[in-house]
Amino acid sequence: KGWIFTTQEKPSYETKKMIQCFEDVGIKCYYVHPNHVDIYISKEDRKSVLVDNEYTQIPDFVIPRVGSSTTYYQKAVFRHLERMGVTFINNSNSIDSVKDKLYTMQILASHSIPHPKTMLVRSPVDASYVEKRVGFPIVVQSLSGKHGKGVYLAEDKRNFVQLMDMMEQFNERFNIILQEFVKDSYGKDVRVIVVGGKVIGAMKRESVDGDFRANITRGGEAEPVEVDEQMEYLALESTKLLDLDIGGVDLLYDNGGYKICEINSSPGFLGMEKYTEIRVAEQIVNYVKYKIGYNENNRDEEKFWRVCRVIFES
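Computed from a predicted structure; not experimentally measured.

**Q** Please clarify how the side chain of Glu-262 should be interpreted in this entry.
**A** Positionally, Glu-262 belongs in strand 16 (residues 257–264). Polar side-chain contacts of Glu-262 include one of 3.5 Å to the side chain of Lys-101. Excluding residues within four positions of it along the chain, Glu-262 makes contact with Lys-101, Met-105, Gly-248, Val-249 and Asp-250.

Spelled out as structure tokens, the structure:
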């Protein structure tokens, strides 16, 4: 069986779709809130995991759908299960790396992967230094975020200074990322989905209200695009460097080519399935089956031996 870790009160489209696809091939899959999992260090690994205060059979695999909101406690749960031999798609280290947007860019830069100029700044911010190193307009964003939230466009130096002044009123010790504004990609980008080291599809996303962000979750539209050589290279190389089984790679248009905007460890795929013929959930299920060595033709035989083992152990 498998678990899908999610912090949402109600399962998302992606979670429900994967659970259904797993059920179609005979795999039981449940959504579990990681905060409802209690762990303690014990020699008896079978009794070191509880869900809602009850001991439980540990799953064969876990798909975390927590992403950038992953807390220390949740990561500790992930690591504990990994130590017990549970297959994670994606693993805790890769989730942690992608959660930190600055660290992601550092990894990409060290391997000459094209990306916007990026700065980490703290309060108080020297606007003149920012203007010299990156320039305006400039994208201001939090260290972690999703769905385009926590991302703002400062049109000029004056607008930037006003934004920094306002932020200082709420938190004098803030840390933020400043990123080069890529004008060729204003209001549009490309989302590429990678599963198991393969690009399974891509779509062009475009804002419909004049906003510089193209996220579908905030009202953007999309259309399928053919994956070209550079698009495929950037998506595969970046997810490989970050050790992701599943990744959503967002590309910015730049002078006839692309730059990587960001990478997601738990990408939404409602838009991909809505605007293209790609069935992402099915692709993920097929990859999980391969990863855990599952053969649905042997389901009855496996069930028989599981029953025998239970009887023997009791």
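**Q** Is there a simple way to explain the nonpolar core in this structure?
**A** Where a protein is soluble and globular, its nonpolar side chains tend to be buried together. Within the largest apolar cluster, 27 residues are counted, with the highest numbers of intra-cluster contacts made by Met-18, Phe-22, Ile-63 and Ile-284. Taken together, the elements giving at least two residues each to this core come down to helix 1 (13–24), strand 6 (61–64), strand 12 (188–195), strand 13 (198–206), helix 8 (270–275) and helix 9 (280–292). Here Ile-284 is in contact with Met-18, Ile-63, Val-195, Ile-246 and Phe-269, once residues within four sequence places are set aside. The next biggest cluster of nonpolar side chains, apart from the first, holds 20 residues, and it includes Ala-202, Ala-235, Leu-242 and Leu-251.

**Q** So what exactly am I meant to see when it comes to the pairing of strand 11 (residues 175–180) here?
**A** The side chains of a regular strand alternate between both faces of the sheet. Note: strand 8 (residues 118–122) against strand 11, five bridges, orientation antiparallel. By the bridge assignment for strand 11, Thr-118 is matched with Gln-179. In terms of strand pairing, strand 9 (residues 138–141) meets strand 11 through four bridges, oriented antiparallel. Bridge pairing links Gln-141 to Ile-177 in strand 11.

**Q** Whenever I open this one, the sheet that holds strand 8 confuses me. Can you help?
**A** Strand pairing in a sheet takes place through backbone hydrogen bonds and is either antiparallel or parallel in direction. Ordered in space as 8-11-9-10, the four strands form an open sheet in which the pairing is antiparallel. The open sheet terminates on both sides in strands that have one partner only, identified here as strand 8 and strand 10 (151–154). Each strand of the sheet is rotated relative to its neighbour by a mean of 30 degrees, with strand direction disregarded. Where strand 9 lies against strand 10, four bridges are found, and the strand directions are antiparallel. Across the sheet, the residue bridging to Val-140 is Tyr-152, located in strand 10.

**Q** How do you make sense of the pattern of salt bridges when you look at a structure like this?
**A** It is possible for side chains bearing opposite charge to pair when their charged atoms get close. Per the stated rule, a full pass over the model turns up 12 salt bridges. Its salt-bridge partner being Lys-204, residue Glu-206 comes within 3.9 Å of it at the nearest N-O pair. Overlapping salt bridges bring together Asp-189, Arg-191, Arg-205 and Asp-250 as one network.

Calculation rules
Residues numbered from 1 in each chain as written. Predicted model: local features only at pLDDT ≥ 70, side-chain atom pairs only at ≥ 80, totals over all residues. Heavy atoms only, no water. Helix = DSSP H or I, 4+ residues; strand = E, 2+ residues; numbered from the N terminus. Polar contact = N/O pair within 3.5 Å; in protein donor to acceptor, adjacent residues only side chain to side chain. Contact = heavy atoms within 4.5 Å. Core = buried A, V, L, I, M, F, W, Y, C linked by side-chain atoms within 4.5 Å. Buried < 20%, exposed > 50% of the residue type's maximum accessible area, 1.4 Å probe, protein only. Pairing = 2+ DSSP bridges. Axes fitted to C-alpha atoms, helices over the stretch in contact; angles between N-to-C directions. Salt bridge = Lys/Arg side-chain N within 4 Å of Asp/Glu carboxyl O.

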